[in-house]
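Chain and residue survey
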Amino acid sequence: MTVVAERLRARVPAPSEAARDQVFVASGQIAAGVGNMLFSLVVARLLAPGAFAQLASFLALYLVLSMPGSAISAAIALHPSWAGRARPLLLRGGATLGLALAVAAPWLGPAMRLPIAMVVVLGLSCPALGTLALERGRLYAWNRRAQLVGSFLVEPAVRLLLGLFLTLTIGAAGGALAVAIGGYGALEIARRHWLPRHLGKATSDAGGAGAVEPTLRPSLGRTARWAALSFLALVVVQNQDLLIANRVLSPGQAGLFAVLSTLGGLAAFATMTVPLVLLPRSGNGRGGVLPAIWLTILIGAAAVGITAVMPGPLVAALFGSRYEAAGSVLVPYMAAMSLLGIVRVLVAHRCAIGAGRSSLVLILCAIATQAALILAFGHDARSVAFSTVGAVTGLTAGLTTAEVARLTAFGSRLARLRTTLRQPAIVVVAVATTLGVVERFIIPRGLWLDEATSVFEARLPFGGMIDTLRTADVHPPLYFSMLWVTIRVIGSGPLAVRIPSIVAGSLVIPMMYVLGREAYDRRTGTLAALAGSVAPIMVWYSQEARMYALLMLFGVIALWAQLRILRGGGRGLWVIYALSSAALVWTQYFGAFQVVVQQFAFLYVIYTRHRRGRPVRELVMAWAITALVIAVLVAPLLPFAYQQFMVNQTAGKGFGGPQNVGTATALHGNQLGVYAALANLIWAVWGYQPNPVMTLLGALWPLGMLGALVLLGRRHRPVTTFLVLCVVGPGLALFGLGLVKRDLFDIRYLSTVVPIAFVLIARLLSAAPRKTMAVGVSAGVLVCSLLVGLVDQQYNGANPRTYDFNGALATIEAQARPGDVVYYDPIDLRQVVEYYGPHLVLKPLTAGPGQPVQGRVSFVVASRSLMNGASNEVALSSFLDTLRAQGRLIQHRKLPNVETWEFR
């Protein structure tokens, strides 16, 4: 046995031969990929789009059934002595699976949208798949390059010679049959003379069992198991997008994505052999990972470069002009498949050196992320493709970071980080953040007027969007630019357009912990994060396709950076402070109020330090430079804002938000005063509530005053005064603007103060009670009250800010027939009714009793709370009287802040 082991070691290629081995085997794999691609190109032209999508799905299922194949090849490449015991198991298992598929074909075919004959052929191919992978694994272990390449090339040869004939005569099922026959041909080549002849009888075992391993590492069996599981999971990453797309997309879009998957699969297929050739070398400690990575990068770059020249014409030339639209996302999808080759190399190397478990965890996370993204946003081929791009990019970054951490001192820092993450406060914040993310994805309401306007503007070309913002809006362009990118990546569905707000609102939760810890202590930060995770108003604006969640995030970051700076922070914190302060103004003009308060805070600190004789020169220079940078960053926004102001002044609107929406509450009214301020304070803490609840909460204002006195009565801390000023300052400024334009004094324009207010509340609860039990009880009462407010805000139809345009238009679209007309009032509803009723005939109600009525059936959609004064109400009533005189009222529905009428 020792002699055999020495001979095996002699057979392992030297490091200088690694690149040559990789290139030879990869060349055979690429040639096989070209042959398979040629087969796909020809059948794509021979078959209809739906039939080609079926054949592509069959190929994907064939690969899915081959999942254990790459895993088995990886395991046998590391541990070839397993082959003798595994062969009969694989044959029996494959035959059993194939028989089960054939028997269940009448049920599985319709479920997978495949012909029954294809499912039967899939079953026939099963016995060969596992055994072929086993034999190829032995060839990798023994470095039998010529035989490997032969087994690769026989499959496309059979597909081209036999498959085209069968496709012409039988159709898509004939092409599937040729694929199965090609697998058996490859098995016949791979299984012959698998042992190196010069080892003679010393390595034969009358059937293959007991072949000597090309290594003596005792942990090789465990390493091979992790490699098998990791490669199995990687096949899921590569193929699950096509399987899900074929299920959830329309036939046309499924055909487009089948083209993408076919071309992208070529890049992944071309690098498939590189990690398997690497496995025996890494398992023996003989390196070869760098040549493998460079070869993978070279192949991937070549694939991306070829497709990037003319992606659309390339697709049209290969698959026909009806698939040319797939070219718009071919380059990023091809890049993702090329990255998957690098992922395989990293996984192979890490598995061979004993880091397989952590690699498998990262791959499983990528699988879950990819599936979740496709199911949530996969409404067309483009969104499915970008879901895969995001998941693969994240997986590549994760594996690269893990490998760099293993090779550098960063690994010890990660160990310290793991210790930190086990601290109770961090665990609580992590749970709170997770809860907050889940809550923000549960959105019980549809888009309303302002959100539909955001989507309408972000759907325009970028230049057109900026012009529209300049001439017809009152907001800066930062949020809309982010939404513009989001729509082009994941679409404009109701959930997709809210993703920027969901992400920003979720990030605010851990940032509240960081701010509370920096300002006070960990207990305050933990309570602040808990409150922020369930705070109704924070959840509300994290679910709205507007800029307010982003405003909260930038506000918290700017405050945290300033506190760190004043406690001795470095240059990086000044950069964070400058960028976040500028981003506040670029997100919402009223964010400038917090920027001004923070600038005065710097001046005050400089003044007090100078009076105490402390050196301030360095602080003054840093502050002056940062203030200048902020001014330079904000300066381009000034002419933009001025033009918006002039356009709105000319239109008689003034520089402000939309009409008074959702403010008809018992405390708010139409006059500015203490009760208007109290209403906004209640909204900031307990969210939007109907009138009875607002009245009840308003009666509790003395308790709030008492809490404020308790907070102020504690030992004075300058940081508390600073945070209070960051709440009161913007509030007073907006109150003053509200004297000019009433609608501006609203909590949404004060959203920067909400997280700060909860940090102050958390400080009150953590500092006022003397005992830990009292702190826990107080925090529990606060969180429970916030949860009650959250549930009532989200699901109470009497919420003055809830608008059910989705329900109203969905019912009308289900009942409307060609020729029916939908009238809407006020005219500001145009974007929201066009969003939810793109196929309806929509007309604004602008004329009153003399307006001509068209259509056999007329629908009317109106929102009284969005109307501009009594004139709108009179016009609506007159038009409804006209419809009653001409026809019959079929139905009148009242939904939250929306009414619909149907006349026949």
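Residues numbered from 1 in each chain as written. Predicted model: local features only at pLDDT ≥ 70, side-chain atom pairs only at ≥ 80, totals over all residues. Heavy atoms only, no water.

**Let's talk about the nonpolar core**
Soluble, globular proteins show a tendency: their nonpolar side chains are buried together. Met-538, Leu-723, Ile-747, Phe-758, Phe-805 and Leu-829 are the most contacted members of the largest nonpolar core, which has 125 residues in total. The element that contributes the greatest number of residues to this core is helix 25 (residues 548–566), accounting for 16 residues. The contact partners of Phe-758, leaving out residues within four places of it in the chain, are Met-512, Ala-528, Ala-531, Ala-535, Met-538, Ala-684, Val-685 and Leu-786. Core analysis: the second largest hydrophobic core is formed by 104 residues, Phe-52, Leu-249, Leu-260 and Val-392 among them. (Core = buried A, V, L, I, M, F, W, Y, C linked by side-chain atoms within 4.5 Å. Buried < 20%, exposed > 50% of the residue type's maximum accessible area, 1.4 Å probe, protein only. Helix = DSSP H or I, 4+ residues; strand = E, 2+ residues; numbered from the N terminus. Contact = heavy atoms within 4.5 Å.)

**Comments concerning the pairing of strand 2 (residues 841–844)**
Two elements, strand 1 (residues 821–825) and strand 2, share 4 bridges in a ladder whose sense is parallel. Residue pairing for strand 2: Val-822 is matched across the bridge by Leu-842. Remark: the strand 1/helix 37 (residues 830–836)/strand 2 crossover connection has right-handed handedness. (Pairing = 2+ DSSP bridges. Right-handed = clockwise from strand over helix to strand, strands pointing away.)

**So, the side chain of Asp-820**
Relative to the assigned elements, Asp-820 resides in the loop between helix 36 (805–815) and strand 1. At 2.8 Å, the side chain of Asp-820 and the backbone nitrogen of Arg-817 are in polar contact. (Polar contact = N/O pair within 3.5 Å; in protein donor to acceptor, adjacent residues only side chain to side chain.)

**Considering the pattern of salt bridges**
Evaluation of the coordinates by the stated rule reveals 13 salt bridges. When the shortest N-O distance is used, the salt bridge between Glu-451 and Arg-498 registers 3.0 Å. With Glu-451 in helix 19 (residues 449–458) and Arg-498 in the loop between helix 21 (478–490) and helix 22 (499–519), the pair connects residues that are 47 residues apart, well separated along the chain. The class for Arg-498 is buried, based on a relative accessible area of 2%. (Salt bridge = Lys/Arg side-chain N within 4 Å of Asp/Glu carboxyl O.)

**Examining the packing of aromatic side chains**
Under the counting rule described, the total for this entry stands at 15 aromatic pairs. Ring centres 5.5 Å apart and planes at 80° place the aromatic pair Trp-540 and Tyr-688 in the edge-to-face group. Here the residue Trp-540 occupies a position in helix 24 (residues 536–542), and Tyr-688 occupies one in the loop between helix 30 (674–686) and helix 31 (691–698), the gap between them amounting to 148 residues. By the burial criterion, Trp-540 is buried, and Tyr-688 matches it. Between Tyr-577 and Phe-602 the ring centres are 5.4 Å apart and the planes differ by 80°, which places this aromatic pair in the edge-to-face class. In this pair, Tyr-577 is assigned in helix 26 (residues 571–587) and Phe-602 in helix 27 (residues 592–611), connecting sequence segments 25 residues apart. In this structure, Tyr-577 and Phe-602 share a single accessibility class: buried. Within the aromatic cluster, the residues linked to one another by ring pairs are Trp-540, Tyr-541, Tyr-548, Phe-590, Phe-593, Tyr-688 and Tyr-749. The aromatic ring of Trp-540 is capped on one face by Arg-445, whose charged end is 3.6 Å from the ring centroid. The ring of Phe-456 carries the charged tip of Arg-830 above its face, separated from the ring centre by 5.3 Å. (Phe/Tyr/Trp six-rings, centres within 6.5 Å; stacked < 30°, edge-to-face > 60°. Lys NZ or Arg CZ within 6 Å of the ring centre and 35° of its normal.)

Interpretation note: all reported values are geometric properties and have no functional meaning in isolation.
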